[in-house]
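Understanding the architecture of this molecule
Listed below, chain by chain, are the residues.
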2 protein chains.
Amino acid sequence: MAKLIDKITPQKENFSQWYTDIVKNAKLVEYGPTKGMLILRPYGYAIWENIQKELDPEFKKLGVENVYFPLLIPESLFMKEVEHVEGFAPEVAMVTQVGNKVLEERLFIRPTSEVLMANFFEKEVKSYRDLPLLYNQWVNVMRWEKTTRPFLRTSEFLWQEGHTLHNNSQEAQEFTLKILKVYETFMRDVLRLPVVVGQKTEHEKFAGAQTTYTLETLMPDGQALQVGTSHYFGDNFAKAYNIRFQNQNSAWEYAYGTSWGVSTRMIGALIMTHSDDYGLVLPTKIAPIQIMIIVVKNTPELLDVAQELKTKLSHYRVQIDTTDRSFGYKMSEADLKGIPLRIEVGPRDLATNSATISRRDNHEKTVLDLAKIPGVVKDLFKEYDANLMAKAEAYSTQRTSKALDLVSYQDQLVRNPGYVLVPFCGKVSCEAEVKQKTATNSRCIPLPKKKNSPVKQLCFNCGEPCDLEVYFARAY
Amino acid sequence: MAKLIDKITPQKENFSQWYTDIVKNAKLVEYGPTKGMLILRPYGYAIWENIQKELDPEFKKLGVENVYFPLLIPESLFMKEVEHVEGFAPEVAMVTQVGNKVLEERLFIRPTSEVLMANFFEKEVKSYRDLPLLYNQWVNVMRWEKTTRPFLRTSEFLWQEGHTLHNNSQEAQEFTLKILKVYETFMRDVLRLPVVVGQKTEHEKFAGAQTTYTLETLMPDGQALQVGTSHYFGDNFAKAYNIRFQNQNSAWEYAYGTSWGVSTRMIGALIMTHSDDYGLVLPTKIAPIQIMIIVVKNTPELLDVAQELKTKLSHYRVQIDTTDRSFGYKMSEADLKGIPLRIEVGPRDLATNSATISRRDNHEKTVLDLAKIPGVVKDLFKEYDANLMAKAEAYSTQRTSKALDLVSYQDQLVRNPGYVLVPFCGKVSCEAEVKQKTATNSRCIPLPKKKNSPVKQLCFNCGEPCDLEVYFARAY
């Protein structure tokens, strides 16, 4: 027997519980038997499949090819890039044994695959003509976490990791920015997430990178969430793993690398940004079911109408709820699952050849001739998606403020939690101090960087003259 | 600088080396730093992506939903189904440590996910109305192997594993056969592999299954290769993991399960079955590049013609080889990579507005008007694919023989290595004896089982009366 929908804790009452209630009740995930490792249920995994369907062709347009590299990395190989090791070693899961046999060397489950890629590139690349190599893989990775939350922080997660190698620094740098653009367009046009795109400070950049770019988005509790990154390595990994090529003058040069990734964490951002106290709200391009047709009673006449409608809407992801549950239950479930449009057909509609279309975002209802319905869906989707974005953008703008010193910064964090733009010197030691004092850190130096540097200001923490303006925030 | 194509050892000279030369030279795989774990390079992974693209929608048509379950299985959970443990424990990789911390319980990297599914089903299922659950996941799994060969046997491999749960035995049994049919159709119509479909003997069935169905295909060295399986568990896992539901009479019953899978091993079967001493031969639906256009020289006129052709053929996977290598090299490489059709355009063709189409399977060349080319591709693909299948089927038929006793069986294995159909009692002890004496075992009891049992025969090994006819063969 289908369970009744459990109550969703109102967002205002307990944000964290609201989020957990939604991911559980909408049947996106279930906890697995190992702490911090989640089961992605069909409805949750379908969202990931739709993300892949939208994003993968965009990578391929840039010439990126998909590959699969092994799960395990020998310890000795992992240890070659010192910063990388320091960044990941404490959270790496290690295979030490197979059956009853203890292995001679420990094998690390990939927390990311720079090391394996570098090891391959070293053997593969001889000449500048062998470059660029533009690889991507959609895989599981593991980074052990003490406290975990569905989608946002789990010890195992799914992601795509791109790794590219170039014969000159400029091309590699440009590639990190091309990917950043792909991500930004995807976040805005598909996920309907307003993102701040920028560069990470020295303190926050990826272990082993020269430059890390990031996409940040602001959650309804005022905390920022990093939803994508693109790294320029320069020749850091090339030097550690001896990846060299002969240039056009037959001289040997180290190659230039990038890596970039987005993960199932985006699903967390999606849920928190758009959903409400009725449940999930999903943008149309990602929703596993875009339209749910619900009949007031399962009579043959009504089901016939529903079936006809479904056929006419078959280029959308459309379903009819034919279960034997009540009309009210079905409506609540369509809300809970974040289905963008609901079409309701009852006995009275039969007489007038009409049906009611109901939008999930604002619960607006319109009664329409059946014949007209297929013609309006496209525009309704457009309005719906635009509305999700407008709401999220309004929130993000409202929650962005400025501060010139640490006291007013901390004041903003309390009064209007969100992004705070501050003048910042960019020094690692200074940021460590801010972190220690406030339990917050920088999110990014926003792009595009202003062509004319702003007037020199004083760092909000150390007071040294500086010309950077940086977003700081509490973050996931 | 592009390397010259290395020599491929002729198949007749050294079958195993021929296979290795092809997978390396066609750039399908590279060896990773851990023994037995392969890198799937772009061209190899693209084949896997095409397999997914063809197979995944067929599962979904049966109502199967994709999911993702965790990589790691706690030891205590794994140990509940005794036969399953015995089958897999010796080859399981174990995580015992994270960073510097030793774990309290060892975690097994999934060799397959029955255990995690069962643990989930136990919590999920309450009523007969909650069933069936039809799940599938496309994931990596790990089974440690001593001797490995690309695609055929590796310690980590990619596969899909389907797991279903039903409220009655008949539906579950029927589902294993539905999936078997999906696999069979796919092998025949897409991969162009002739398969023998049948049931595994007691000796050979999956650890934990009541019935195992299999698809077997015969390699050019006379060895059989299992390319897919579908298992009916009855209530074995349900009893071990306490998966019960209330039936229509409100009584508690154990549920009935199935699992089924195919893996990257199919790529090995594909390569061995169709390829030749020039390199890969790939069926059109799986070939990452279906048509390669090669110009004799990279002149603007010829490249224009090539580009125009490419545009007209854009509903196929078509490329122009615009590299600066010689015409001969490009032709050899198209052969090596198993591209079904090659279109060659030279200066003389410009005058006559024609080009040469060359088939990879039989190297037949046809000179055709440029305008006619787009119209003939569909039929050429059809003939090409039919020819691959016909060749493979002829081989398989020729290499199938019968034997009535062990001496003639062993004689057949030498004289005409392949499938040998023998009368067999089906006993585990008898098969163990055959295995010990001949280093071969049964492949399957072919389906459909004959309605009228054949006249009683005597088991080819123990001489007991029996009514089974079973395929035995050497196998991978």
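Residues numbered from 1 in each chain as written. Chains lettered and ligands numbered in written order. Predicted model: local features only at pLDDT ≥ 70, side-chain atom pairs only at ≥ 80, totals over all residues. Heavy atoms only, no water.

Chain A appears in an unreviewed UniProt entry as Proline--tRNA ligase from Entomoplasma freundtii. According to the UniProt record, the Catalytic activity (unreviewed entry) comment for chain A is "tRNA(Pro) + L-proline + ATP = L-prolyl-tRNA(Pro) + AMP + diphosphate". Within the UniProt record for chain A, the comment given under Function (unreviewed entry) is "Catalyzes the attachment of proline to tRNA(Pro) in a two-step reaction: proline is first activated by ATP to form Pro-AMP and then transferred to the acceptor end of tRNA(Pro)." (UniProt positions renumbered as here; feature names shortened; annotations may be inferred.)

Attention now goes to the overall build of chain A. Along chain A, the regular secondary structure elements total 14 helices and 25 strands. By the compact-globule yardstick of 23 Å for 476 residues, chain A fits well, its C-alpha radius of gyration being 25 Å. Structurally, chain A occupies a C-alpha span of about 80 × 55 × 50 Å along its principal axes. Across the 476 residues of chain A, 60% fall into the buried class. Long-range contacts, defined here as pairs at least 24 residues apart, represent 69% of the contacts in chain A between residues at least 6 apart. Of the roughly 19800 Å² of accessible surface on chain A, a fraction of 51% belongs to carbon and sulfur atoms. Counting 59 positive and 58 negative side-chain charges, chain A places the averaged centre of each group 2 Å from the other. (Helix = DSSP H or I, 4+ residues; strand = E, 2+ residues; numbered from the N terminus. Rg over C-alpha atoms; globule rule 2.2 N^0.38 Å. Buried < 20%, exposed > 50% of the residue type's maximum accessible area, 1.4 Å probe, protein only. Contact = heavy atoms within 4.5 Å. Areas by Shrake-Rupley, 256 points an atom, 1.4 Å probe, with all protein chains shown as cover. Lys, Arg positive; Asp, Glu negative; His and termini not counted. Charge placed at Lys NZ, Arg CZ, Asp CG, Glu CD.)

Here we take up the sheet that holds strand β15 (residues 291-295) of chain B. Residues and elements named next belong to chain B. Spatial strand order, β16-β15-β17-β18-β19: 5 strands in an open sheet with mixed pairing. Two strands lie at the open edges of the sheet, namely β16 (318-321) and β19 (365-369), each paired on one side alone. Between one strand axis and the next, the sheet turns through 25° on average, direction left out of account. Against the sheet, helix α9 (residues 300-312) touches β15, β16 and β17 (341-345), its axis set at about 165° to β15. Together, β15, β17, β18 (354-359) and β19 form the strand contacts of helix α12 (residues 373-398), whose direction differs from that of β18 by roughly 15°. (Pairing = 2+ DSSP bridges. Axes fitted to C-alpha atoms, helices over the stretch in contact; angles between N-to-C directions.)

Note that N140 of chain B resides in strand β7 (residues 133-142). Separated by 3.2 Å, the side chains of N140 of chain B and E156 of chain B make a polar contact. (Polar contact = N/O pair within 3.5 Å; in protein donor to acceptor, adjacent residues only side chain to side chain.)

The next subject is the packing of helix α1 (residues 15-25) of chain B against helix α8 (residues 265-274) of chain B. All names here are of chain B. Running from amino to carboxyl end, α1 crosses α8 at an angle of 115°, the nearest separation of the two axes being 11 Å. With respect to their mutual orientation, α1 and α8 come out roughly perpendicular. Handedness of the crossing formed by α1 with α8: right-handed. Here F15, W18, Y19, I22 and V23 of α1 lie close against α8, whose contacting residues are G268, I271 and M272. Split by residue class, the contact of α1 with α8 holds 7 nonpolar, 1 polar and no charged. (Parallel < 35°, antiparallel > 145°, perpendicular 65-115°, else oblique. Left-handed = near helix turned anticlockwise from the far one by under 90°. Nonpolar A, V, L, I, M, F, W, Y, C, P; charged D, E, K, R; others polar.)

All names here are of chain B. With 11 of 11 residues buried, strand β8 (residues 156-166) lies mostly within the body of the structure. Judged by which residues are buried, β8 turns out to be covered on both faces: E156, L158, Q160, G162, T164 and H166 on one side and F157, W159, E161, H163 and L165 on the other are all buried. Strand direction decides the pairing type here: β7 and β8, joined by 10 bridges, are antiparallel. Paired with M142 across the two strands is E156, which belongs to β8. Sheet analysis places β8 next to strand β14 (residues 256-263), joined by 8 bridges and oriented antiparallel. Each residue of the ladder has a partner; that of L165, found in β14, is G257.

A few words on the sheet that holds strand β3 (residues 65-66) of chain A. All names here are of chain A. Spatially, 11 strands are ordered β3-β7-β8-β14-β11-β10-β9-β22-β25-β21-β20 in an open sheet, and the strand pairing comes out mixed. The open sheet has two free edges, formed respectively by β3 and β20 (400-402), since each of these has just one partner strand. Here strand β9 (residues 196-199) runs beside strand β22 (residues 441-446); their pairing, made up of 2 bridges, is antiparallel. Within β22, the residue paired with G198 across the bridge is P446.

Here we come to helix α5 (residues 114-124) of chain A. In terms of burial, α5 of chain A is a largely internal element, 9 of the 11 residues being buried. Along α5 of chain A, the positions that sit buried rather than exposed are E114, V115, L116, M117, A118, N119, F120, F121 and E124 of chain A.

A few words now on the environment of F186 of chain A. On the secondary structure map, F186 of chain A appears in helix α6 (residues 169-191). Here the alpha-carbon distance between F186 of chain A and E58 of chain A, two residues 128 residues apart in the chain, equals 9.1 Å.

On the chain A side, the residues contacting the 55 residues of chain B number 55 residues. Contact between chain B and chain A buries roughly 4600 Å² in total, counting both sides, with carbon and sulfur atoms accounting for 59%. Our count for the contact surface shared by chain B and chain A stands at 6 salt bridges. Its salt-bridge partner being R41 of chain B, residue E124 of chain A comes within 2.5 Å of it at the nearest N-O pair. The tally of links from chain B across to chain A stands at 26 residue pairs in polar contact (both at pLDDT 80 or more). Per element, the largest residue contribution to the side of chain B that touches chain A is 6 residues, and it comes from strand β5 (residues 93-98) of chain B. By residue class, the composition of the side of chain B that touches chain A is 32 nonpolar, 8 polar and 15 charged. As paired elements, strand β5 (residues 93-98) of chain A and β5 of chain B share 5 bridges and run antiparallel to each other. Bridge assignment links Q97 of chain A to a residue of β5 of chain B, and that residue is M94 of chain B. (Buried area = accessible area lost by both parts, 1.4 Å probe. Salt bridge = Lys/Arg side-chain N within 4 Å of Asp/Glu carboxyl O.)

This part covers the side chain of E431 of chain B. All names here are of chain B. By the secondary structure assignment, E431 is in helix α14 (residues 428-438). Buried E431, no salt bridge; nearest opposite-charge side chain is R443, N-O distance 7.1 Å. A distance of 2.7 Å separates polar atoms of two side chains, one belonging to E431 and the other to T201. Apart from the residues lying within four places of it in its own chain, the contact partners of E431 are T201, H203, E204, F424, N441, S442 and F472.

Moving on: unusual backbone geometry. All names here are of chain A. Here the amide bond leading from L447 into P448 is cis, since omega sits at -5°, within 30 degrees of zero. Examined against the element boundaries, P448 turns out to sit in the loop between β22 and β23 (457-458). For S250, which is not glycine, the phi dihedral falls at a positive 65°. In this structure, A439 takes a positive phi of about 55° despite not being glycine.

Attention shifts here to the relation of the copies chain B and chain A. Between chain B and chain A, which share one sequence, the superposing operator has a rotation angle of 180° and an axial displacement of 0.0 Å; the RMSD is 0.0 Å. Here the copies are linked by what is in effect a two-fold axis. When each C-alpha of chain B is compared by its distance to the rotation axis, V95 of chain B comes out closest, at 2.1 Å. (Least-squares fit on C-alpha atoms with pLDDT ≥ 70 in both.)

With that settled, the discussion passes to the state of the cysteines. Scanning the entire structure with this criterion turns up 0 disulfides over all chains. With no disulfide of its own, C462 of chain B lies 3.6 Å from the sulfur of C459 of chain B, the closest cysteine sulfur. (Disulfide = S-S within 2.5 Å.)

A word on the domain arrangement of chain A. All names here are of chain A. Splitting chain A by domain gives domain 1 (20-69 + 122-274), domain 2 (291-382) and domain 3 (400-473). Contacts between the two partners involve 5 residues from domain 1, matched on the other side by 4 residues from domain 2. In total, domain 1 and domain 2 occlude about 410 Å² of area from one another, counting both sides; carbon and sulfur atoms represent 54% of this. Looking at the side of domain 1 facing domain 2, the largest losses of area belong to A26, Y43 and N50, adding up to 73% of the total buried there. Scanning the region where domain 1 abuts domain 2 turns up 0 salt bridges. Joining domain 1 to domain 2, the criterion identifies 1 residue pair in polar contact (both at pLDDT 80 or more). (Domains from an automatic or database assignment.)

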